[in-house]
Each structure stands twice: as structure tokens, then as C-alpha cells.
Amino acid sequence: MSTNGTEDRRCEALGQTGLTARADANMERFAGLVARTLRAPVALVSLVENGRQVFPGMAGVIGQWAEHRQSPLSHSLCRHVVTDGEPLVLADARLDERARATPAVAELGVVAYAGMPLTDGDGRVLGSLCAIDTIPRRWSEAELTDLADLAAACSSELRLRLASRAAEDARAAAEAARATAQANAALLLRASQEMADTASVQDVRQRLRHLVTGTLTPHYVGLSLLRDGRLVRVPDADAPYAIEEAYGHYDTGAPYPSARALRDRRMIAIPGREVLAAEYSAEAVAAFDSLGLASAVCLPLIASRGPVGVLMVGWDRHHQPDLVEQATLNALASYTAHTVARALFLGERITVARQLQSAMLTDLPATPGLDSAALYRPAATDDMVGGDWYDSFPLPAVPDRPRESSLAITVGDITGHDIRAAALMGQVRSMLRQAVLDHPALGPAAALTALEHACLSLRLPATGSILHARLDHGDSGWALTWSNAGHPPPLLLLPDRSTLRLDQHDVLFYPGLGHPPRTDHRMDLAPGSTLLLYTDGLVDRPGRDVERAIGTARELLATHGDRPLPELLETLADELAGPKADDDIALLAVRIPPSPPPSYE
């Protein structure tokens, strides 16, 4: 690796992630997810340092490499991903001119390799998320797409770590200011308390209005963000200002003090209107007057990856901050910058989590003799990314029952509302599928038990609720067999429009409890029946009685049960959860079409 300034900054960013040749729980999960999703014997989260590559996340590695979690760069194919800044995909490394000389081929048994770049917020490649096989293998487009999506999620995790580190540095700077400026200590302390849990830029904007007090108490606090080369004002919904509509955005080169603060990357003070009129545009003066200001300062917001906007603090009286107040305002601006950057990164991370979750919600299979439909609705709150999912897939024929056809169906809810919950959900879904497909003759309870054993063995911290079932079709029609691990009860609409609530259930899915008994329940389904599975977001809301909500769901199912299934699910979600649900919702419905009327010809 080179040692120029770019490489130095890359290594500095790598060090700020806090990851090295030690196991990291989140990185281990990404490696495990790659191994399971691509069915690869080895998967690595490889970070390329100066002189070695380290593996904070790995799956399938044994021997000294597993013990030391590192290798020299001479053994690294991932370094080519870092050097080139592009994916590296090899069906057989032994046939590649550059790769075949790498000792990894001979000593580690690396044959097939697929690696995707892991990047920070500035696009620097820190390492690779890679899948490895010990035999030649042509990686499919779907496998490479899944690997790229997982690399994007892993990169988002790295960026969040960098943003969190920057926020920690900002907090340290705030504490230093507190030590030298006791009069403004309360301001910086409150900034730490108020902004630590902000989840969006709008949260930051609203809290800033009430944050600055004491001798600095301003008449106006404004926030503008840098977007596509322009400064865009962030309006405060609780305290609207005409300026934020009339002058909603402007170029960074505009004759405004805030634009100049961003260009010069320093505080710009406006001690009075006469200075503003002499040095800036008539529009800037009009904006100043519309706010009723007599003096102001504009501070650039510089985060770890560069400028993100401008903070403006204005007074309706003459006020020229002294050196201590300037230091305090600069510290506040620094903290605000990193908080804004963290909010932006959080938004990006949530987007990646939603994409990861959406990728797991596959299309339902077409099943002869059955109609089915599914619906997923995310929570209205942006940061509530959940672990809800549905699944349906055909089961292979059982040798002693070759004429039967079977379908597996599942709904589940993994505890949590973040990318970790989405990643755990993906792992649990894949592991449950594997347990079912490995033993198609066994019932749902056996599959859930196998899943719990696997989670215990892998120390996978997945908890929640799961309803897993199978539909079997034989000479006598369709039969439902299900096992309920603490999930809301399925609802069954019968041909006579009455409903049943299938209450039989066992304890929650919680592998840490040991091996609780799991039981199967079975019933025949008559033609014209509709089965509804759902997650708790449909019926569980603050201030609502869950039992009453389930009763309402039964009434709606009876009333609208003859509608097409997609329309039925939309109606249930609209009526029970409304347009702004507090939690995400997954619904799955299966209908056995009614028998055709007898023919008398």
C-alpha cells in the first residue's frame, strides 16, 4: 500500500472505526449473513491496514487464521479491492494472473473469490466484504447483488462508527470549553443532553431554538444545510419565519454572511446593520430586517467528512460575543455539525436497513389450489426499522407421500427497530428455511426447535415471536399444521363467514431460555376458508386493548373476507393500524378457493 496523504487519511479513518484484529459482534453477523446468503464456506469482513489485513468479522475460518484474525498483505486478495476501489470477482483465482501468485491460493485454499468495497463517507475504501469458496465457482448476478447490498449495509455501519467517534470528539471539545468558561458550561452540557438522542435534522433544528440561553440568549437561531452546492434553510415547524419561505435556499457564492462563513470556514460576525449593508447584498439586509435583528454571527458547521451547513445566531440588540462566548459558540457549532452528520448517517443507515428488510420479503410462490397475498407496511416513524417478516415457499415432496403438495408459511417479529434487527431477521428467516427444507417430513414445531438450537450454537441474539405453519394437500383436501412461538393468534375465516381464533401457542422465541417444548396443532381446512397471519403491529398500539383489537380484526375479516386478498389486507391495515402506524406490520393471507358447484349434465 502507498504511504501518500490519501493513504494516511484512509488509515486514520480505519483507526477511528475502532475495528482491528479482534472479533466484533456486528461484523461477525455480516460475515455470517454473507456465508449463509451466498452459501459460501468462508466469508470475511476484511479491513486493510498498513502492512496487514485484519478480520473483525469472519465465518468458516479455522486454524491460525481464525486464532490471529489477520494475515500479511502478501496473502490478501482484498487489498486489490482497496487499491482498485472496485469489486473483485474471480471464479478461479488460480487462473488469474495477479491473484494466482498470492500465497492465499496455496496456503489458505482460496479458489473462488467475490469481494465488494467497504467505504467511509468520503468514498475511501477501508476493506472488503468477501465470500470465498475452495472450489471453482461462477458467482451468479443475484449472489453478487446480495453481496453488494450487504456491503452497503456494512459500509453504513462503518460510517456510523466514524460519525459516533466524531461526536465523541465533539463532546470532549465541549468539556474542554466548560473547564475554561464556567459561565457557559450549562449551555454545552445541555447541548450534550438535548442533542444526544436526536434522530433527524428537524429534531436538531427544533432543539437549537431553546438551547442557547444565559447572556447569549438570542432572538433567532437558524440552521441551513449544504445540499448539492446550495444552502437550504431548515424551517422550524413550531416557530415559522417568513424568511425561511421567501429565502429558502441560496448559492454558496451568494453575498450572504452565512454563505461567506461556509466559504471561509470561520465565524462571520455582523455587529450591526450598517456593516451588513456595506459588505453584503440588499437581499441579505432585507432578510436581516425581517427577523428584527440588530447583530448576529454565522458559524460554519464542519463535520468529519466536511462542511454540512451553517448555524446563524442573531440578537435583537447590539451584542458582540467576547472571546469566551466565541469559543462557546464555536464549540456549539462543532457539536451541532457532528450531530447533523450523525442524523444524516442515521437516515442513510435506516434506508439501508429498509432495503435489507425489503430484500428479504420475497414474492409469494404460485401454488395450485391456493390463493395467497402478503403486505408489509413500515412504521410511520423513520427511525422505527423493524424485524417483521413474512415468508412462503413450497416444500419438496416426501418420499412416502409423493402425491401430496405442501407449502410452508411464516410470519415473525424479531425484537428491535434498527439495522441489527433487520440483519437478525434475515439470518433467522434463512436458518428457518434451511431447517424446514432439510427435514420436509417434520412438522413446524421441529423446525422451530431446530432454529432455536442453531441460534444457541451460533450465539445469535435473536428473540421475538414466530408463527410457522405448513399447508398439506392430499386426497382429502388441505390441512393446516402450525406451531406458535408466542405470536399473535392466526385468524381463520370459514366458508359460512364465521371466524375462528387459533389460540394454541407456546412460549416466545427466546433461545436463551433453553429448549422449551414446541407443539404442533393440526386442522383440516374446508374449501372457501381464508387463513390470516399477522404481526403485532396490526393490533398492538399504545392505549389500545389488544384483545379488543383482535376482535375487531375478526369482524373485519368476516365483513370483507370475500374481497380479493390484496384488497382485504389493505383494508385490514387501513382500518386497524391507520396511516401512521407506530410499528411495522406484516400480513400474510392464504385462501382455499370454494369448490365449484356440482354439475347435473
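Residues numbered from 1 in each chain as written. Predicted model: local features only at pLDDT ≥ 70, side-chain atom pairs only at ≥ 80, totals over all residues. Heavy atoms only, no water.

**Concerning the overall build of the chain**
Rule in force here: Going along the chain from the N terminus, every DSSP run of H or I of four or more residues is numbered as a helix, and every run of E of two or more is numbered as a strand. Three labels apply to residues, based on accessible area from a 1.4 Å probe with only protein chains included: buried if under 20% of the type maximum, exposed if over 50%, partly exposed otherwise in between. Here a residue-residue contact requires only that any non-hydrogen atoms of the pair lie within 4.5 Å.
Secondary structure summary: the chain contains 17 helices and 22 strands in total. Each of the 601 residues in the chain was classed as buried or not, and the buried ones make up 52%. Restricting to contacts in the chain with at least 6 residues of sequence separation, those with at least 24 account for 67%.

**Remarks on the pattern of salt bridges**
This is how the line gets drawn: Each reported salt bridge corresponds to a side-chain nitrogen of Lys or Arg within 4 Å of a carboxyl oxygen of Asp or Glu.
In this structure the tally under the stated criterion is 26 salt bridges. For Arg-470, the salt bridge is made with Asp-472, and the minimal N-O distance between the two is 3.0 Å. Like Arg-470, the residue Asp-472 is buried in the burial classification. Through salt bridges with shared partners, a single network forms among Arg-260, Asp-264, Arg-266 and Glu-279.

**Here we look at the state of the cysteines**
Quick reminder of the rule: Disulfides are defined in this document as cysteine sulfur pairs within 2.5 Å.
All chains considered together, the criterion is met by zero disulfides. Cysteine Cys-78 shares no disulfide, and the gap to the nearest cysteine sulfur, in Cys-130, comes to 3.9 Å. With relative accessibility at 3%, the residue Cys-78 sits in the buried group.

**Brief notes about the sheet that holds strand β1 (residues 42-48)**
Defined as follows: What makes two strands pair is DSSP finding at least two bridges between them. Only C-alpha atoms enter the line fits that serve as axes; for helices the fit covers just the stretch in contact. Angles between N-to-C directions range over 0 to 180 degrees.
Taken in spatial order, the six strands make up an open sheet running β3-β2-β1-β6-β5-β4, and their pairing is antiparallel. Among the strands making up the open sheet, the edge pair consists of β3 (70-72) and β4 (88-90). Along the sheet, successive strands turn relative to each other by an average axial angle of 25°, direction set aside. Pairing of β1 with strand β2 (residues 52-59), which is carried by five bridges, proceeds in the antiparallel orientation. Bridge pairing in β2 places Val-45 opposite Gly-57. Against the sheet, helix α1 (residues 5-16) touches β1 and β6 (125-133), its axis set at about 70° to β6.

**Here's the deal with the packing of helix α16 (residues 546-560) against helix α17 (residues 565-576)**
What counts is decided by this rule: In a left-handed crossing the near helix is turned counterclockwise from the far helix by less than a right angle, and in a right-handed crossing that turn is clockwise. Gly is placed with the polar residues, together with every amino acid not listed as nonpolar (Ala, Val, Leu, Ile, Met, Phe, Trp, Tyr, Cys and Pro) or charged (Asp, Glu, Lys and Arg).
The N-to-C vectors of α16 and α17 enclose an angle of 145°; their axes lie 10 Å apart at closest approach. Along this stretch, α16 crosses α17, giving a crossing that reads as right-handed. Only Leu-568, Thr-571, Leu-572, Glu-575 and Leu-576 of α17 make contact with α16, whose side of the interface consists of Ala-549, Thr-552, Ala-553, Leu-556, Leu-557 and His-560. Its residues placed into classes, the contact of α16 with α17 shows seven nonpolar, three polar and one charged.

**A few points about α16**
Under the convention used in this document: Each helix should span, by expectation, one fewer than its residue count multiplied by 1.5 Å. Each polar contact in these results corresponds to two N or O atoms within 3.5 Å; when the atoms are within protein, one needs to be able to donate a hydrogen and the other to accept it, and residues that are neighboring in sequence are counted only if both atoms are side-chain atoms.
Taking 1.5 Å per residue, 15 residues should reach 21 Å; α16 reaches 21 Å between its end C-alpha atoms and fits that length. A distance of 3.2 Å separates the backbone nitrogen of Glu-547 from a side-chain oxygen at the start of α16, and that oxygen is part of Asp-545.

**Side note on the packing of aromatic side chains**
Where two aromatic rings form a pair, the distance of their centres and the angle of their planes describe that pair. The criterion, for reference: Note on ring pairs: Phe, Tyr and Trp rings are taken, using the six-membered ring of Trp, and paired if centres are within 6.5 Å. Classes follow the plane angle, with under 30 degrees stacked, over 60 edge-to-face and the rest tilted.
Under the criterion given, the structure shown has one aromatic pair. Seen in terms of ring centroids, Tyr-250 and Tyr-256 are 4.7 Å apart; in terms of plane orientation they differ by 15°. Their pairing is stacked.

**Quick word on the nonpolar core**
Which entries qualify depends on this criterion: Buried residues of nine kinds, namely Ala, Val, Leu, Ile, Met, Phe, Trp, Tyr and Cys, make up a nonpolar core once their side-chain atoms join them within 4.5 Å.
In terms of nonpolar packing, the biggest core is built from 32 residues, with Met-27, Val-34, Val-45, Leu-47, Leu-118, Leu-129 and Leu-147 touching the most fellow members. Apart from the residues within four sequence positions on either side, Leu-147 is in contact with Val-34, Leu-38, Ala-114, Gly-115, Met-116 and Leu-129.

**Describing the sheet that holds strand β17 (residues 477-485)**
Here five strands make up an open sheet; going across it, the order is β14-β15-β16-β17-β20 and the pairing antiparallel. The sheet is open, and its two edges are formed by β14 (387-395) and β20 (521-525), each paired on a single side. For this sheet the average axis-to-axis angle between neighbouring strands, irrespective of direction, equals 15°. Of the strand pairs in this sheet, strand β16 (residues 464-474) and β17 are connected by nine bridges, and their pairing is antiparallel.

**Let's talk about a nonpolar patch on the surface**
What counts is decided by this rule: Patch members must show over 30% relative accessible area and no salt bridge, and they are joined within 9 Å when carrying like charges or within 5 Å when they are nonpolar side chains of Val, Leu, Ile, Met, Phe, Trp or Tyr. To measure how exposed things are, a 1.4 Å probe is used in the Shrake-Rupley method; for residues, cover is taken only from the protein chains shown.
Together, Val-507, Leu-508, Tyr-510 and Leu-513 make up an exposed nonpolar region whose accessible area comes to about 390 Å². In this fold, Tyr-510 is placed in the loop between β19 (499-501) and β20.

**Describing α1**
Worth spelling out the cut-off: Within this analysis, the arc is defined by the directions that extend from the helix axis to the C-beta atoms.
Here α1 is twelve residues long and its end C-alpha atoms lie 17 Å apart, about the 16 Å a rise of 1.5 Å per residue gives. What α1 keeps buried is the set Glu-7, Arg-10, Ala-13 and Leu-14. Relative to the axis of α1, the buried residues are bounded by an arc of 120° and lie together on one face. Positive phi shows up at Gly-18, right after α1, with a value of about 80°.

**What about unusual backbone geometry?**
With a phi close to 50°, Asp-228 is a non-glycine residue in the positive phi region. Note on placement: Asp-228 falls in the loop between β7 (220-227) and β8 (230-233). At Arg-265, a residue that is not glycine, the phi angle is positive and equals roughly 55°.

**Describing the pairing of strand β12 (residues 306-315)**
Among the ten residues of β12, nine are classified as buried, and the element is accordingly described as predominantly covered. One ladder, built from six bridges, connects β7 with β12; its direction is antiparallel. Bridge pairing in β12 links Leu-223 to Leu-311. Note: strand β11 (residues 295-303) against β12, nine bridges, orientation antiparallel. Bridge pairing in β12 places Leu-299 opposite Leu-311. The loop that links β11 with its antiparallel partner β12 comprises two residues.

**Here we look at the side chain of Arg-518**
Summarising the element assignment, Arg-518 is placed in the loop between β19 and β20. Of note is the side chain of Arg-518, whose polar atom sits 3.0 Å from the backbone oxygen of Leu-508. Those residues within four positions of Arg-518 in sequence are excluded, and the remaining contacts are Ala-445, Thr-449, Glu-452, Ser-483, Asn-484, Ala-485, Asp-506, Val-507, Leu-508 and Phe-509.

**Comments concerning the side chain of Thr-367**
As for its position among the elements, Thr-367 is in the loop between α13 (323-360) and β13 (371-377). Once residues within four sequence positions are removed from consideration, Thr-367 is found in contact with Leu-407 and Trp-478.

**Quick word on the confidence of the model for the chain**
Test applied: Every residue gets a pLDDT, meaning the predictor's confidence in that residue, from 0 to 100.
Mean pLDDT over the chain stands at 84; residues scoring 70 or higher make up 85%. Confidence scores differ between elements of the chain, with helix α7 (residues 185-195) showing the lowest mean pLDDT of 54 and strand β18 (residues 491-493) the highest of 97.

**Brief notes about the pairing of β8**
Side chains Leu-231 and Arg-233 of β8 all project onto a buried face; the interleaved residues Arg-230 and Val-232 project onto a face where none is buried. Once β7 ends, the chain turns through two residues before running back antiparallel as β8, passing Asp-228 with a positive phi of about 50°. Here β8 pairs with strand β9 (residues 249-251) via three bridges, running antiparallel. Of the residues in β9, the one forming a bridge with Val-232 is His-249.

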